Amino acid sequence: AQKVTQAQTEISVVEKEDVTLDCVYETRDTTYYLFWYKQPPSGELVFLIRRNSFDEQNEISGRYSWNFQKSTSSFNFTITASQVVDSAVYFCALTVMNSGYSTLTFGKGTMLLVSP
Amino acid sequence: SAVISQKPSRDICQRGTSLTIQCQVDSQVTMMFWYRQQPGQSLTLIATANQGSEATYESGFVIDKFPISRPNLTFSTLTVSNMSPEDSSIYLCSVIGQADNYGYTFGSGTRLTVV
């Protein structure tokens, strides 16, 4: 079975601070995908990134960056120079490549509050 | 990636009634999933909706309570039956496109309140 742990329930920062959201996963499969989603107060889930288990390169997209480390089973997400619009719940998720069937396992989410 | 239209976006319902949520995708997709997100909680998979066969339900969810239809490769419905206040949640559909088996897209969600 798969498991995703987001130990930080809530983080509060002041605008322009950098913030890192932690994600630790568990799986026995060697081939899997990791995801980050953003859920603003309106409720929709916004896709941020997908990373497969064979690609350990870190990725940067604007103010967002992701650090994937298989050695520690972690896939952390950093927002640089945070903004009020970054306030949302962020979910880390995992899926494995079972033949013909794939489901997402979500962490409990981290609520990020960015104040002006 | 696929674009999903989910309806209704929100509803307030009386206990004991049923609500059907629709999920329409702008392209044919292999797999569709229905999730529930209870207040302040993470997403929990209800079932996987496969075209031409019965939905596959996760532990704790049953067809009598959450009947699902998947008449074609672009559409699915989830019904929440005989509702109680405990069913108040956000319900989301999700798809994986045929061309990209691990590209998950989510609908905008249905915020259900049962009174």
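Higher on the page you've got the structure.
All residue numbers refer to positions counted from 1 along the written sequence of the respective chain. All chains are assigned letters beginning at A, and all ligands numbers beginning at 1, according to the order in which they are written. Residues qualify for local features only when their pLDDT is at least 70, as the model is predicted, and side-chain atom pairs are given and counted only at 80 or more; totals for whole chains, interfaces and linings, by contrast, use all residues. Only heavy atoms go into the side-chain values, all of them from the structure, while hydrogens and water stay out.

Asker: I'd like a description of the overall build of chain B, backed by residues and values.
Answerer: Strands here mean DSSP runs of E at least two residues long; helices mean DSSP runs of H or I at least four residues long; both are numbered from the N terminus. Within chain B one finds 0 helices and 11 strands. Going residue by residue from the N terminus, the α and β elements of chain B occur as β-β-β-β-β-β-β-β-β-β-β. Both definitions apply: the radius of gyration is a C-alpha atom measure, and the globule rule equals 2.2 Å times residues to the power 0.38. For 115 residues, the compact-globule estimate of 2.2 N^0.38 gives 13 Å, and chain B sits close to it at 13 Å. Projected onto the principal axes, the alpha-carbon positions of chain B cover approximately 40 × 25 × 20 Å. Whether a residue is buried, partly exposed or exposed follows from its accessible area with a 1.4 Å probe, protein chains only, as a fraction of its type maximum: under 20%, in between, or over 50%, in that order. By residue count, 50% of the 115 residues in chain B fall in the buried class. In what follows, a contact means two residues having at least one pair of non-hydrogen atoms within 4.5 Å. Intrachain contacts of chain B at a sequence separation of at least 6 include 54% that bridge at least 24 residues. Every accessible area reported is derived by Shrake-Rupley at a probe size of 1.4 Å, with residue values counting cover from the shown protein chains alone. When the accessible surface of chain B is totalled, it reaches about 5,200 Å², and 47% of it is carbon and sulfur. Lys and Arg are tallied as positive, Asp and Glu as negative. Neither His nor the chain termini are counted. For this purpose, a charge sits on NZ of Lys, CZ of Arg, CG of Asp or CD of Glu. In chain B, 7 side chains carry a positive charge and 8 a negative one; their mean positions are 8 Å apart.

Asker: Tell me about the environment of A:Val96, residues and numbers included.
Answerer: The residue A:Val96 is located in strand β10 (residues 88–96) in this model. Residues A:Val96 and A:Ser53 lie 43 residues apart in sequence; the distance between their C-alpha atoms is 9.5 Å.

Asker: A description of the side chain of B:Thr77 should follow, citing residues and the corresponding values.
Answerer: Structurally, B:Thr77 can be placed in strand β8 (residues 75–80). With near-sequence residues (within four places) excluded, B:Thr77 lies in contact with B:Thr20, B:Ile21, B:Gln22, B:Trp34, B:Pro67, B:Ile68 and B:Ser69.

Asker: Explain the pattern of salt bridges to me, using residue names and the numbers behind them.
Answerer: All names here are of chain A. A pair is scored as a salt bridge if a Lys or Arg side-chain nitrogen falls within 4 Å of a carboxyl oxygen belonging to Asp or Glu. A complete count under the given rule lists 4 salt bridges over all chains for this structure. In this structure, Asp55 engages Arg51 in a salt bridge whose closest nitrogen and oxygen atoms are separated by 2.6 Å. The class of Asp55 is partly exposed, set by a relative accessible area of 25%. For Arg51, a relative accessible area of 6% corresponds to the buried category. With a shortest N-O distance of 2.8 Å, Asp86 and Arg63 are connected by a salt bridge. Of this pair, Asp86 sits in the loop between β9 (74–79) and β10 while Arg63 sits in the loop between β7 (59–61) and β8 (64–69), placing them 23 residues apart in sequence. Here the salt bridges do not stand alone but share partners, grouping Arg51, Asp55 and Glu59 into one network.

Asker: How would you summarise the side chain of A:Lys38 if you had to cite specific residues and measurements?
Answerer: All names here are of chain A. Position of Lys38 relative to the elements: it lies in strand β5 (residues 32–39). Of the side chains with opposite charge, Asp86 comes closest to the buried, unpaired Lys38, at an N-O distance of 4.5 Å. Here the side chain of Lys38 touches Val85 through a polar contact of 3.0 Å, landing on its backbone oxygen. For Lys38, the contacting residues outside a window of four places in its chain are Glu44, Leu45, Val46, Leu48, Tyr64, Val85, Asp86, Ala88, Val89 and Tyr90. As used in this structure description, the phrase polar contact means that two N or O atoms lie within 3.5 Å; if the pair is within protein, one of them must be able to donate a hydrogen and the other to accept it, and residues adjacent in sequence are counted only when both atoms belong to side chains.

Asker: Can you tell me about the state of the cysteines, naming the residues and giving the values?
Answerer: Residues and elements named next belong to chain A. When the sulfur atoms of two cysteines come within 2.5 Å, that pair is taken as a disulfide. In this structure the tally under the stated criterion is 2 disulfides over all chains. Bridging Cys23 to Cys92, the disulfide has an S-S length of 2.0 Å. The S-S bond linking Cys23 to Cys92 shows a torsion near -65°; that makes this disulfide left-handed. One end of the pair, Cys23, is in the loop between β3 (19–21) and β4 (24–26); the other, Cys92, is in strand β10, with 69 residues separating them in the sequence.

Asker: Outline the pairing of β9(A), listing residues and values.
Answerer: Residues and elements named next belong to chain A. The buried fraction of β9 is high, at 6 of 6 residues. Of the two faces of β9, the one holding Ser74, Asn76 and Thr78 and the one holding Phe75, Phe77 and Ile79 are both buried throughout. Inspection of the sheet shows β3 paired to β9 by 3 bridges, in the antiparallel sense. Its bridge partner lying in β9, Val19 is registered against Ile79. Here, strands pair whenever DSSP counts at least two bridges between them. Taking the residues between adjacent antiparallel strands as the criterion, β8 and β9 are bridged by 4 residues, where Ser73 takes a positive phi near 50°.

Asker: Explain the interface of chain B and chain A to me, using residue names and the numbers behind them.
Answerer: Residue-level contacts link 22 residues of chain B with 22 residues of chain A. Once two parts are put together, the accessible area they lose, assessed with a 1.4 Å probe and summed over both, is termed the buried area. At the boundary of chain B with chain A, total buried surface from both sides reaches about 1,700 Å², with 55% on carbon and sulfur atoms. The interface formed by chain B and chain A includes 0 salt bridges. Where chain B touches chain A, the interface holds 6 residue pairs in polar contact (both at pLDDT 80 or more). Of all the elements in the fold, those that place two or more residues in the side of chain B that touches chain A are β4 (29–37), β5 (43–49), β9 (89–97) and β10 (104–106) of chain B. Here the side of chain B that touches chain A gets 4 residues from one element, more than from any other, and that element is β4(B). Three classes are used: nonpolar for Ala, Val, Leu, Ile, Met, Phe, Trp, Tyr, Cys and Pro, charged for Asp, Glu, Lys and Arg, and polar for all others, with Gly counted as polar. Split into classes, the residues belonging to the side of chain B that touches chain A amount to 11 nonpolar, 8 polar and 3 charged.

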